[in-house]
Amino acid sequence: MSLPIAPLPVHAARIEEQLRARLHPTRLEVIDESAAHAGHSGANVQGFGSHFRVRIASPAFAGKSRVARHRLVYDALQNFIDEGLHALAIEIMETP
């Protein structure tokens, strides 16, 4: 009988790198809020890499609805969600 493999924690720098490459943001902040969720659903034993907040502004959002903007961010980070990213709070900022 094999034991289930725990998802590896995701690093904020990897999320930031991928968002920069895919959405070319003019403003970007990636905050790991995992420690605040210790003991909650989806938290990992490492205490980081499971819950993130992304604040982002991008020309790719121009003319798109709030839902479409969020979908762009989710689509850009799908591989991290597949790797164990449990929660993602997205704050769309205006382009400077």
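Since we're looking at a predicted model, the values are computed, not measured.

What counts, and where the lines are drawn
Residues numbered from 1 in each chain as written. Predicted model: local features only at pLDDT ≥ 70, side-chain atom pairs only at ≥ 80, totals over all residues. Heavy atoms only, no water. Buried < 20%, exposed > 50% of the residue type's maximum accessible area, 1.4 Å probe, protein only. Helix = DSSP H or I, 4+ residues; strand = E, 2+ residues; numbered from the N terminus. Arc of directions from axis to C-beta. Contact = heavy atoms within 4.5 Å. Polar contact = N/O pair within 3.5 Å; in protein donor to acceptor, adjacent residues only side chain to side chain. Core = buried A, V, L, I, M, F, W, Y, C linked by side-chain atoms within 4.5 Å. Expected span 1.5 Å × (residues − 1). Axes fitted to C-alpha atoms, helices over the stretch in contact; angles between N-to-C directions. Parallel < 35°, antiparallel > 145°, perpendicular 65-115°, else oblique. Left-handed = near helix turned anticlockwise from the far one by under 90°.

### Topic: helix α2 (residues 66-76)
Regarding α2, the residues found buried are R69, H70, V73 and A76. Angularly, the buried residues of α2 cover 125 degrees about the axis, an arc narrow enough to put them on a single face. As for α2, its buried residues are in contact with α1 (12-23), β2 (51-57), α3 (78-83) and β3 (87-92).

### Focus: the side chain of S58
One can find S58 in the loop between β2 and α2. The class for S58 is buried, based on a relative accessible area of 2%. Within the structure, the side chain of S58 is placed 3.0 Å from the backbone nitrogen of A60, a separation counted as a polar contact. Not counting chain neighbours up to four residues away, the residues in contact with S58 comprise L23, H24, P25, T26 and T95.

### Here's the deal with the nonpolar core
Membership of the largest hydrophobic core comes to 17 residues, with the highest contact counts inside it found for I15, L19, V54, I56 and V73. Contributing elements (two or more residues each) for this core: α1, β1 (27-32), β2, α2 and β3. Here I15 is in contact with V10, V30, F52, V54, L77 and F80, once residues within four sequence places are set aside.

### Some points on α1
Taking 1.5 Å per residue as the helical rise, α1 with its 12 residues ought to reach 16 Å, and the 16 Å between its terminal C-alpha atoms agrees with that figure. What α1 keeps buried is the set I15, Q18, L19 and L23. Seen from one end, α1 has its buried residues packed into an arc of 100 degrees, which puts them on one side. Residues of α1 that are exposed and point more than 90 degrees away from the buried face comprise A13, E17 and A21. One or two steps after α1, the chain reaches H24, where phi turns positive at roughly 45 degrees.

### Structural notes on the environment of L72
Residue placement: L72 occurs in helix α2. For the pair L72 and L19, spaced 53 residues apart in the sequence, the C-alpha separation amounts to 9.8 Å. Aside from chain neighbours lying at most four places away, what touches L72 is L23, A60, F61 and K64.

### Description of the packing of α1 against α2
Interhelical geometry of α1 versus α2 gives an angle of 120 degrees and a closest axis separation of 9 Å. Put simply, α1 runs oblique to α2. Classified by chirality, the crossing of α2 by α1 is right-handed. Seen from α1, the contacting residues are Q18, L19, R22 and L23; seen from α2, they are L72, V73, D75 and A76.

Remember that the coordinates give geometry; whether it matters functionally is a separate question.
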